[in-house]
2 protein chains.
Amino acid sequence: MRLSTKGRYAVTAMIDLALHNDVGPVALTDIADTQKISVSYLEQLFARLRKNGLVTGMRGPGGGYRLARAADEITVAEIIAAVDEQIDMTRCAGKQDCQDGEKCLTHELWVDLSRQLYDFLHGITLGQVLQWPAVKQVAERQEARHPRGFQSKSENVA
Amino acid sequence: MRLSTKGRYAVTAMIDLALHNDVGPVALTDIADTQKISVSYLEQLFARLRKNGLVTGMRGPGGGYRLARAADEITVAEIIAAVDEQIDMTRCAGKQDCQDGEKCLTHELWVDLSRQLYDFLHGITLGQVLQWPAVKQVAERQEARHPRGFQSKSENVA
DNA sequence: CAAATCCCGAGTGTTTCGCTAGGAAAATAG
DNA sequence: CTATTTTCCTAGCGAAACACTCGGGATTTG
């Protein structure tokens, strides 16, 4: 389990989807605008999220992405695992003969620690994060400044 | 808080030190041998650990590194934070004006999540890890094959 | 003294990060 | 039907980080 800005972008984008889940799909251009990152980079992240069954895409005007499941059924661990390459964190890469033909200390130790970390992040759902005071606050302010989805598709804010 | 193989090397090396803490300092060549990584790379990691007050170095023949504190007083979070660059994890880099002159959702969300993660890893001490069955097992096998420190400095295994 | 070991800085190849570019397919609007 | 909007897909690119190498010190032990 790796942890970098890549996972953060993914989690934040999923929060964005969860906030507008009952209104309609969210276009990547909207997320790119609020997160200040490029659409193409978001596309690559969402390709992974889609392949892992976390979001569903809807093409055409008015389309966008939407959560594939309820916010309470999606954990932070799933999101991070989806966008991370998840290549051999252990040096022995699955083969447990990294030292003297047997498992090295590194292997067992990190498998255990990584497991504990995964369990921790697996216990946090998107629905829970939405209830965090700081998140609710910023979400409300964002909605006030850039209303998305509450009006029908015929209006333009800018 | 970032998490990669770099942090794993550091944690594993610290475990190695903790295992031999009551016998004497551990030379980097020994750690490099068991972990199968280069001495120079370990030196760079230990430079950071030393600057963060986690280990103390002792030069000259018979020297090496030793824990600066008791194993129960050192947490996994400290070790990982010591070796990580810890540059701007937030896009706004401390300045909280990343969106419309105010804090963005990214900022608050990740500060919260990162904090929870840090607290979790801060709750795990080196002393606790030493008690994990898997770690004890491999440690005992390693000690049997490559006894270090239990004999005086006058013997050679190979 | 000489050997062992920590200490330090500069440089190197590979991978990942974040992004750009260019298009193709699908769905809606007119 | 056509034009626009959006997802989808692939390829590549500069910068950063990763893991490492090399070369030289400084300091302590024997």
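Keep in mind the model is a prediction, meaning the values are calculated, not measured.

Basis of the calculations
Residues numbered from 1 in each chain as written. Chains lettered and ligands numbered in written order. Predicted model: local features only at pLDDT ≥ 70, side-chain atom pairs only at ≥ 80, totals over all residues. Heavy atoms only, no water. Helix = DSSP H or I, 4+ residues; strand = E, 2+ residues; numbered from the N terminus. Buried < 20%, exposed > 50% of the residue type's maximum accessible area, 1.4 Å probe, protein only. Contact = heavy atoms within 4.5 Å. Areas by Shrake-Rupley, 256 points an atom, 1.4 Å probe, with all protein chains shown as cover. Pairing = 2+ DSSP bridges. Phe/Tyr/Trp six-rings, centres within 6.5 Å; stacked < 30°, edge-to-face > 60°. Salt bridge = Lys/Arg side-chain N within 4 Å of Asp/Glu carboxyl O. Axes fitted to C-alpha atoms, helices over the stretch in contact; angles between N-to-C directions. Left-handed = near helix turned anticlockwise from the far one by under 90°. Nonpolar A, V, L, I, M, F, W, Y, C, P; charged D, E, K, R; others polar. Core = buried A, V, L, I, M, F, W, Y, C linked by side-chain atoms within 4.5 Å. Expected span 1.5 Å × (residues − 1). Arc of directions from axis to C-beta. Parallel < 35°, antiparallel > 145°, perpendicular 65-115°, else oblique. pLDDT = per-residue confidence, 0-100.

Caption draft 1: Quick look at the overall build of chain A. In terms of helices and strands, chain A carries 7 helices and 2 strands. For chain A, the α and β elements follow one another from N to C terminus as α-α-α-β-β-α-α-α-α. Here chain A holds 158 residues, and the buried ones make up 46% of them. At a minimum sequence separation of 6, the contacts of chain A that also span at least 24 residues come to 65%. Within the structure as shown, chain A displays about 7900 Å² of accessible surface, and the carbon and sulfur contribution to it stands at 48%.

Caption draft 2: Here's a closer look at the pairing of strand β1 (residues 55-58) of chain A. Both β1(A) and strand β2 (residues 64-67) of chain A contribute to a ladder of 4 bridges, which runs antiparallel. Residue pairing in the sheet places A:M58 in a bridge with A:G64 of β2(A).

Caption draft 3: Seen up close, the packing of aromatic side chains. Here the structure, examined in full by the defined rule, presents 5 aromatic pairs over all chains. Ring centres of A:Y9 and A:Y41 lie 6.2 Å apart, and the angle between their planes is 90 degrees; this geometry places the pair in the edge-to-face category. Taken as a pair, A:Y9 in helix α1 (residues 5-19) and A:Y41 in helix α3 (residues 39-51) lie far apart in primary sequence, 32 residues in all. We classify A:Y9 as buried; its relative accessible area is 8%. Ring centres of B:F46 and B:Y65 lie 4.6 Å apart, and the angle between their planes is 40 degrees; on these two criteria the pair is classed as tilted.

Caption draft 4: Spatial organisation of the pattern of salt bridges. Residue and element names in this part refer to chain B. Scanning the entire structure with this criterion turns up 4 salt bridges over all chains. For the salt bridge of E78 with R69, the shortest nitrogen-to-oxygen distance reads 3.2 Å. A salt bridge links D119 to R115; its shortest N-O distance comes to 3.4 Å. You can see D119 and its partner R115 sitting in helix α5 (residues 105-122), 4 residues apart, about one turn around the helix. The class of D119 is partly exposed, set by a relative accessible area of 41%.

Caption draft 5: Examining the packing of helix α3 (residues 39-51) of chain B against helix α4 (residues 76-83) of chain B more closely. Residue and element names in this part refer to chain B. For the pair α3 and α4, the least separation of the axes is 8 Å and the interaxial angle reads 120 degrees. The handedness of the crossing between α3 and α4 comes out as right-handed. In this structure, α3 uses L45, R48 and L49 to contact α4, whose residues at the interface are I79, A82 and V83. For the contact of α3 with α4, the per-class residue count stands at 5 nonpolar, no polar and 1 charged.

Caption draft 6: Region of interest: the nonpolar core. Residues A:F46, B:M14 and B:F46 are the most contacted members of the largest nonpolar core, which totals 84 residues. Among residues more than four places away in sequence, those in contact with B:M14 are B:L49, B:L54, B:V55, B:L67, B:I74, B:I79 and B:L126.

Caption draft 7: The arrangement of α3(B) in detail. All names here are of chain B. Its 13 residues place the ends of α3 18 Å apart at the C-alpha level, agreeing with the 18 Å of an ideal helix rising 1.5 Å per residue. Those residues of α3 that fall on the buried side of the exposure criterion are L42, L45, F46 and L49. Buried positions in α3, seen along its axis, are confined to an arc of 100 degrees and lie on one side of it. In α3, those exposed residues whose orientation departs by more than 90 degrees from the buried face are Q44 and K51. Those residues of α3 hidden inside the fold are in contact with α1 (5-19), α2 (28-35), β1 (55-58), β2 (64-67) and α4. Looking one or two residues past α3, G53 carries a phi angle of roughly 70 degrees, positive in sign.

Caption draft 8: Just the packing of α1(A) against helix α4 (residues 76-83) of chain A, in detail. All names here are of chain A. The geometry of α1 relative to α4 is characterised by a closest axis approach of 9 Å and an angle of 130 degrees between their N-to-C directions. Judged on the interaxial angle alone, α4 and α1 are oblique. Two packed elements cross with a definite hand, and for α1 against α4 that hand is right-handed. On α4, the residues touching K6, G7, A10, V11 and M14 of α1 are V76, I79, I80 and V83.

Caption draft 9: The confidence of the model for chain A, seen in detail. Residue and element names in this part refer to chain A. Here chain A averages 78 in pLDDT, and 73% of its residues register 70 or above. Taken as a whole, residues 93-97 scores under 50 in pLDDT and shows 6 contacts with residues more than four places along the chain or in a different chain. Across residues 149-158, confidence stays below pLDDT 50; counting only partners more than four residues off in sequence or on other chains, it has 4 contacts.

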